[in-house]
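# Structural overview for review
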Amino acid sequence: MVDNPWFETNIMKSHGALGECYSSLAFQMEGDTSTSLGRINNGLGYWLESPDFDGWGGRYKYYQPYGETGPIWTSNKFNRNTYKYEPGKKHTSNGTAIWRWRDHFQYDFAARMDWCVANDI
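Since we're looking at a predicted model, the values are computed, not measured.

Here the focus is the nonpolar core. In this structure, Trp6, Phe7, Ile11, Met12, Leu25, Phe109, Ala110 and Met113 together form the largest nonpolar core, which totals eight residues. No other element matches helix α1 (residues 4-12), which puts four residues into this core. Leaving out residues up to four positions away in the same chain, Leu25 has contacts with Val2, Asp3, Asn4 and Phe7.

Structure below.
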């Protein structure tokens with residue numbers, strides 16, 4: 001879902017001019033999903049009020065990383081989650097919070113790219 005073969009098939013190739021704007025993945029995909037998901041109120045505390053509440057887009061901590069002039073809300077080693085994405089394998093990182101939604105948002109992205117070349121919507 002986040003590798004070049006899937007991305008080329010579902011986003012880049014045969015999806016019109018918008019799909020052609022995307023290039024092969026060298027490092028990672030777009031990074032706005034966790035921020036966008038965080039804006040959806042899940043009823044467990046309002047994430048916009050305090051991004052250290054765990055939400056759809058994960059959890060952030062307020063601290064000053066190296067190179068910043070002051071503290072910012074950001075993902076870091078203090079907000080790691082453990083998620084079992086593959087059978088028998090657990091992953092712990094500050095990026096795993098949105099993995100449980102990956103299939104859903106990737107297929108939604110692919111469906112929207114299909115609309116770029118659909119005759120009927």
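So, about the packing of α1 against helix α4 (residues 102-115). Running from amino to carboxyl end, α1 crosses α4 at an angle of 40°, the nearest separation of the two axes being 8 Å. In terms of orientation, α1 and α4 fall into the oblique class. Within the contact between the two elements, α1 uses Trp6, Phe7, Asn10 and Ile11 and α4 uses Gln106, Tyr107, Phe109, Ala110 and Met113. Across the contact of α1 with α4, the residue classes tally to seven nonpolar, two polar and no charged.

We now examine the confidence of the model for the protein. Residues with a pLDDT of 70 or more make up 82% of the protein, whose mean pLDDT is 79. Across the protein, the secondary-structure element scoring lowest on mean pLDDT is helix α3 (residues 33-38), at 69, and the one scoring highest is α1, at 91.

To continue, consider the pairing of strand β3 (residues 81-86). It is a general feature of regular strands that their side chains alternate between the two faces of the sheet. Alignment of β3 against strand β4 (residues 89-93), held across four bridges, turns out to be antiparallel. By the bridge assignment for β4, Glu86 is matched with Lys89.

Here the focus is the environment of Arg100. Mapped onto the fold, Arg100 is located in the loop between β4 and α4. Residue Arg100 is classed as partly exposed on the basis of its relative accessible area, which comes to 39%. In this structure, the C-alpha to C-alpha distance between Arg100 and Tyr83, residues 17 residues apart in sequence, is 7.8 Å.

The phi dihedral of Ser14 is positive, around 60°, even though this residue is not glycine. Structurally, the position occupied by Ser14 is in the loop between α1 and α2 (16-20).

Taken as a whole and assessed by the stated rule, the structure comprises zero disulfides. Counting only cysteine sulfurs, Cys116 is the nearest neighbor of Cys21, a cysteine outside any disulfide, at a range of 9.7 Å. Taking relative accessible area as the criterion, Cys21 reaches 63% and is therefore assigned exposed.

As a further point, take α1. Every buried residue belonging to α1 is among Trp6, Phe7, Asn10, Ile11 and Met12, and all of these are buried. All buried residues of α1 project into a common sector of 150° when viewed along the axis, lining one side. Turned more than 90 degrees from where α1 packs its buried face, Pro5 and Thr9 sit exposed. Elements in contact with the buried residues of α1: α2 and α4. Sitting at the amino-terminal end of α1 is Asp3, which places a side-chain oxygen 3.2 Å from the backbone nitrogen of Trp6.

Our next topic: α4. A turn of α-helix holds 3.6 residues, and therefore any two residues three or four places apart point the same way. Here α4 contains 14 residues, and its C-alpha end-to-end distance of 20 Å stays within 8% of the 20 Å for a straight helix at 1.5 Å per residue. For α4, every residue scored as buried is listed here: Arg102, Phe105, Gln106, Phe109, Ala110 and Met113. Down the axis of α4, the buried set is contained in an arc of 140°. They therefore lie on one face.

The rules behind each value
Residues numbered from 1 in each chain as written. Predicted model: local features only at pLDDT ≥ 70, side-chain atom pairs only at ≥ 80, totals over all residues. Heavy atoms only, no water. Core = buried A, V, L, I, M, F, W, Y, C linked by side-chain atoms within 4.5 Å. Buried < 20%, exposed > 50% of the residue type's maximum accessible area, 1.4 Å probe, protein only. Helix = DSSP H or I, 4+ residues; strand = E, 2+ residues; numbered from the N terminus. Contact = heavy atoms within 4.5 Å. Axes fitted to C-alpha atoms, helices over the stretch in contact; angles between N-to-C directions. Parallel < 35°, antiparallel > 145°, perpendicular 65-115°, else oblique. Nonpolar A, V, L, I, M, F, W, Y, C, P; charged D, E, K, R; others polar. pLDDT = per-residue confidence, 0-100. Pairing = 2+ DSSP bridges. Disulfide = S-S within 2.5 Å. Arc of directions from axis to C-beta. Polar contact = N/O pair within 3.5 Å; in protein donor to acceptor, adjacent residues only side chain to side chain. Expected span 1.5 Å × (residues − 1).

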